[in-house]
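So the chains spell out like this:
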Amino acid sequence: MGCRTLCFGLLFILFAYYIYIPIPENIEETWKIGFMNTMLKMTSLTAKLFENIGLMRYEELFVILTNLDMTEPISDENITVTDTTFSDIPVRLYLPKRKSQRQRPAVIFLHGGAFVLGSCKNSPYDLLNRQTANKLDAVVVGVDYRLSPQYQFPIALEDALSVVKFFLQDKILEQYRVDSTRICISGDSSGGTLAASVTQQLKNDPVFKNKIKAQALIYPFLQIIDSFTPSHRENEHGPLLTRDIAAKLGALYVTKDEALSQAIIKNKHIPQESRHLFKFVNWSTFLPDKFKKNHIYREPILEKFNLSYPALLDSRLSPLLANDSQLQKLPLTYVLTCQHDILRDDGLIYVTRLQNVGVNVVHDHIENGFHGALSFITSPFYLLMGIRIKNKYITWLEENL
């Protein structure tokens, strides 16, 4: 009996040690973050187990859990909320009820989730978009683009672009009494990827290039070329978003082949003919010195990868691959980055490159922030960091749109 108890105790200690992730000292609500980290790691372990025994694919468990948090289109005393379609793509529309003598601004929001998870109907995004509409007296459109791995690159982008172009038609803007000079495209995480890419695409389209006043990117993913930037190294184990989870889920937007996610983790996923692209994402050139610290720049390892994935070299997936002449066309830009985030350096590099070509950029960097906080602003978490990010984003929109 004593031996069994001892073995059980040792196994418990080993398991606790395995799932434990240290929390950076400057992060608030450490008990919440610690609990959330543990739950995410246990979910990831369970998902791997289920995949190994053939019960379901790794991402399916995350999808099931995310889909538990869906909301109905419930209107309130200030906002009318409806689910409809724009260009056959599901959207959630938020329309202010109070009468206005002038046309309203509009925000088109693209949710995050590694192109695999999430919906504009998840409670945090519903709250964010509802409060944006109310605070700005704006029309807000949440987009439910199709998700991978069933729909891979560039389907999510094409869906987002279709919705935006539909909404920007003169007759649609007139129907919702939207001011065509006060429209913003925004998104968080992979939604930030889509927002950045859509904005780049529209600025090259003579029909729509003058209809976007601003873009707002919240801890965006902006390049897949280099997965060994300082922020990837420093935040490999989170909080919340780890390199392992990001690689396994994010790679599904390109392929179901697990070899790609493993190659991304090793930074060996880029084909040999792509060295000319490194100059666009070279963190040793673009990162402010305070973020370089003692890190040494190493180029991604060029490999003769067995399968060809042209998406890896496409600026529609990695908006940082756009050249300077494309970037200088971009509108007023808001970028929010978090210190404890593997994607931090993507946003920092984009800020530097946009500033270098004369784009008007507002950059909010949160020293104690972390990736995904915005997704935990509703019950049962009410995460203070997420609420702070939400308020910063809405305040910027209110002041600039």
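These figures come from a predicted structure and were not determined experimentally.

Enquirer: I keep staring at the overall build of the protein and nothing clicks. Help me out?
Expert: The secondary structure content of the protein amounts to 16 helices and ten strands. For a compact globule of 401 residues, the expected C-alpha radius of gyration is about 21 Å, and the protein comes in at 21 Å, within 12% of that figure. Over its C-alpha atoms, taken along the principal directions, the protein stretches across nearly 80 × 50 × 40 Å. Counting every position in the protein, which comprises 401 residues, the buried fraction comes to 56%. A separation threshold of at least 6 residues defines the contact pool for the protein, and within that pool the share at least 24 residues apart is 76%. Entry remark: accessible area of the protein is about 17,600 Å², with carbon and sulfur atoms responsible for 55%. In the protein, which carries 43 positive and 41 negative side-chain charges, the distance between the mean positions of the two groups comes to 2 Å.

Enquirer: What am I meant to see in the nonpolar core here?
Expert: Note on soluble globular proteins: their nonpolar side chains tend to be buried together. One finds V141, F167, L202, L317 and Y350 to be the most contacted residues of the largest nonpolar core, which totals 87 residues. Of the residues forming this core, the biggest block, seven residues, is contributed by helix α5 (residues 155-167). In this view, L317 contacts F115, F153, T193, F221, I224, Y253, V254 and A311; residues no more than four positions away in its chain are not counted. In terms of nonpolar packing, the next biggest core, distinct from the first, is built from 38 residues, I79, V140, A373 and L383 among them.

Enquirer: What's the story with the packing of aromatic side chains in this structure? I'm lost.
Expert: Each pair of aromatic rings is reported with the distance of its centres and the angle of its planes. Taken as a whole and judged by the stated rule, the model has 13 aromatic pairs. Judged by centre distance (6.4 Å) and plane angle (45°), the ring pair of F86 and Y176 falls under tilted. Here Y176 lies in the loop between α6 (170-175) and β5 (178-188) and F86 lies in strand β1 (residues 79-86), a separation of 90 residues in the sequence. F86 sits in the buried class, given a relative accessible area of 2%. Measuring from ring centre to ring centre gives 4.0 Å for F115 and Y253, while their planes differ by 15°; the resulting arrangement is stacked. Of the two residues, F115 is situated in the loop between β3 (104-110) and α4 (123-136) and Y253 in the loop between α9 (243-250) and α10 (258-266); the sequence distance between them amounts to 138 residues. Judged by its relative accessible area of 4%, F115 is buried. Overall, the relative accessible area of 2% leaves Y253 in the buried class. Cluster of aromatic residues (ring-pair linked, three or more members): F86, F166, F167 and Y176. Over the face of the ring belonging to Y58 we find K248, whose NZ or CZ atom lies 4.6 Å from the ring centre.

Enquirer: I would appreciate a short explanation of the sheet that holds β1 in the present structure.
Expert: The strands that make up a sheet pair up through hydrogen bonds in the backbone, lying either parallel or antiparallel. The strand order across the open sheet formed by eight strands is β1-β2-β4-β3-β5-β6-β9-β10, and the pairing between neighbours is mixed. With one partner strand each, in any of the chains shown, β1 and β10 (361-370) form the two edges of the open sheet. Direction aside, the axes of adjacent strands within the sheet are offset by 20° on average. Direction of pairing for strand β9 (residues 332-340) relative to β10: parallel, over a ladder of seven bridges.

Enquirer: I would appreciate a short explanation of α5 in the present structure.
Expert: Because an α-helix completes one turn every 3.6 residues, residues spaced three or four positions apart along the sequence face the same direction. Helix length check: α5, at 13 residues, gives a terminal C-alpha distance of 18 Å against a target of 18 Å (1.5 Å per residue), a fit within 8%. Three or more residues of α5 are buried, namely I155, A156, L157, D159, A160, L161, V163, V164 and F167.

Enquirer: Any chance you could explain a nonpolar patch on the surface here in plain terms?
Expert: Together, F35, M39 and M42 give the surface a local cluster of nonpolar side chains, amounting to about 270 Å² of exposed area. Among the residues examined, M39 registers a relative accessible area of 39% and is labelled partly exposed.

Enquirer: Would you take a moment to explain the pattern of salt bridges for this structure?
Expert: Two side chains of opposite charge can pair, provided their charged atoms sit close to one another. Throughout the structure, instances matching the rule amount to 22 salt bridges. Where R388 meets E28, a salt bridge forms, and the shortest distance between an N and an O atom there is 2.6 Å. With R388 in helix α16 (residues 384-400) and E28 in the loop between α1 (2-19) and α2 (30-52), the pair connects residues that are 360 residues apart, well separated along the chain. By relative accessible area, R388 is classed as partly exposed at 32%. Of the charged contacts, one joins R316 and D314 as a salt bridge, the two residues approaching to 2.8 Å between their closest N and O atoms.

So, how was this worked out
Residues numbered from 1 in each chain as written. Predicted model: local features only at pLDDT ≥ 70, side-chain atom pairs only at ≥ 80, totals over all residues. Heavy atoms only, no water. Helix = DSSP H or I, 4+ residues; strand = E, 2+ residues; numbered from the N terminus. Rg over C-alpha atoms; globule rule 2.2 N^0.38 Å. Buried < 20%, exposed > 50% of the residue type's maximum accessible area, 1.4 Å probe, protein only. Contact = heavy atoms within 4.5 Å. Areas by Shrake-Rupley, 256 points an atom, 1.4 Å probe, with all protein chains shown as cover. Lys, Arg positive; Asp, Glu negative; His and termini not counted. Charge placed at Lys NZ, Arg CZ, Asp CG, Glu CD. Core = buried A, V, L, I, M, F, W, Y, C linked by side-chain atoms within 4.5 Å. Phe/Tyr/Trp six-rings, centres within 6.5 Å; stacked < 30°, edge-to-face > 60°. Lys NZ or Arg CZ within 6 Å of the ring centre and 35° of its normal. Pairing = 2+ DSSP bridges. Axes fitted to C-alpha atoms, helices over the stretch in contact; angles between N-to-C directions. Expected span 1.5 Å × (residues − 1). Patch = residues over 30% accessible without salt bridge, like charges linked within 9 Å, V, L, I, M, F, W, Y side chains within 5 Å. Salt bridge = Lys/Arg side-chain N within 4 Å of Asp/Glu carboxyl O.

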